[in-house]
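What the coordinates show
Next come the chains, spelled out residue by residue.
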Amino acid sequence: SYKNCMDWEFYLRLVREGYRFGYVPELLAAFRWYEESTTSKNWQRMIDEGLRAQRDHIAARGLPRLLGNRLLLKILRRTFQVRRVTKRLIAHGRLH
């Protein structure tokens, strides 16, 4: 079971079921960080759970185990973060 990354794990299960996601260029929700929040207090657990969710997803899709390598997952995560932020900047007219 997941305590920090349950939403991410859920999204990965939706992807495996064929659901697709898109970007909505509107503010739909907000959140605040608190020093006593589960995420702040258990940062390493969140990282470990995220890696476990990714590895479980890779295994469930029957992809090569090599893709579960910690360093490779970190590089892929950073690459997709940059891609996602770039798309948002373009959508909001801040990057041409």
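Scroll up to find the structure.
All of the points below concern the structure found in this document. Every value quoted in this text rests on a predicted model; they were computed, and no experiment measured them.

The rules behind each value
Residues numbered from 1 in each chain as written. Predicted model: local features only at pLDDT ≥ 70, side-chain atom pairs only at ≥ 80, totals over all residues. Heavy atoms only, no water. Phe/Tyr/Trp six-rings, centres within 6.5 Å; stacked < 30°, edge-to-face > 60°. Helix = DSSP H or I, 4+ residues; strand = E, 2+ residues; numbered from the N terminus. Buried < 20%, exposed > 50% of the residue type's maximum accessible area, 1.4 Å probe, protein only. Lys NZ or Arg CZ within 6 Å of the ring centre and 35° of its normal. Contact = heavy atoms within 4.5 Å. Salt bridge = Lys/Arg side-chain N within 4 Å of Asp/Glu carboxyl O.

1. Topic: the packing of aromatic side chains
Throughout the structure, instances matching the rule amount to 2 aromatic pairs. Judged by centre distance (6.3 Å) and plane angle (50°), the rings of F10 and Y11 are tilted. Aromatic side chains Y11 and F21 sit 5.8 Å apart centroid to centroid with 70° between the ring planes, which places their arrangement in the edge-to-face category. Note that Y11 is positioned in helix α1 (residues 6-16) and F21 in the loop between α1 and α2 (38-41), a separation of 10 residues in sequence. On the basis of relative accessible area, Y11 is assigned to the partly exposed category, the value being 42%. One aromatic cluster is present, formed by F10, Y11 and F21 through successive ring pairs. Stacked on the ring of Y2, the Lys or Arg R52 has its end atom at 4.1 Å from the ring centre.

2. Focus: α1
Because the α-helix completes a turn every 3.6 residues, residues three or four places apart line up on one side. Within the span of α1, buried status applies to E9, L12 and L14. Contact partners of the buried residues in α1: α3 (43-60). Positive backbone phi, approximately 100°, marks G18, located one or two places after α1.

3. Remarks on the pattern of salt bridges
Close approach of charged atoms allows side chains of opposite charge to pair. Enumeration according to the criterion identifies 2 salt bridges in this entry. The salt bridge partner of E9 is R13, with a shortest N-O separation of 2.8 Å. Of the two residues, E9 and R13 both sit in helix α1, 4 residues apart, roughly one turn of that helix. Look at E9 and you get buried, because its relative accessible area is 16%. Notably, a salt bridge pairs R70 with D48, separated by 4.0 Å at the nearest N-O pair. Of this pair, R70 sits in helix α4 (residues 70-91) while D48 sits in helix α3, placing them 22 residues apart in sequence. Among the residues examined, R70 registers a relative accessible area of 43% and is labelled partly exposed. Using a relative accessible area of 37% as the deciding quantity, one classes D48 as partly exposed.

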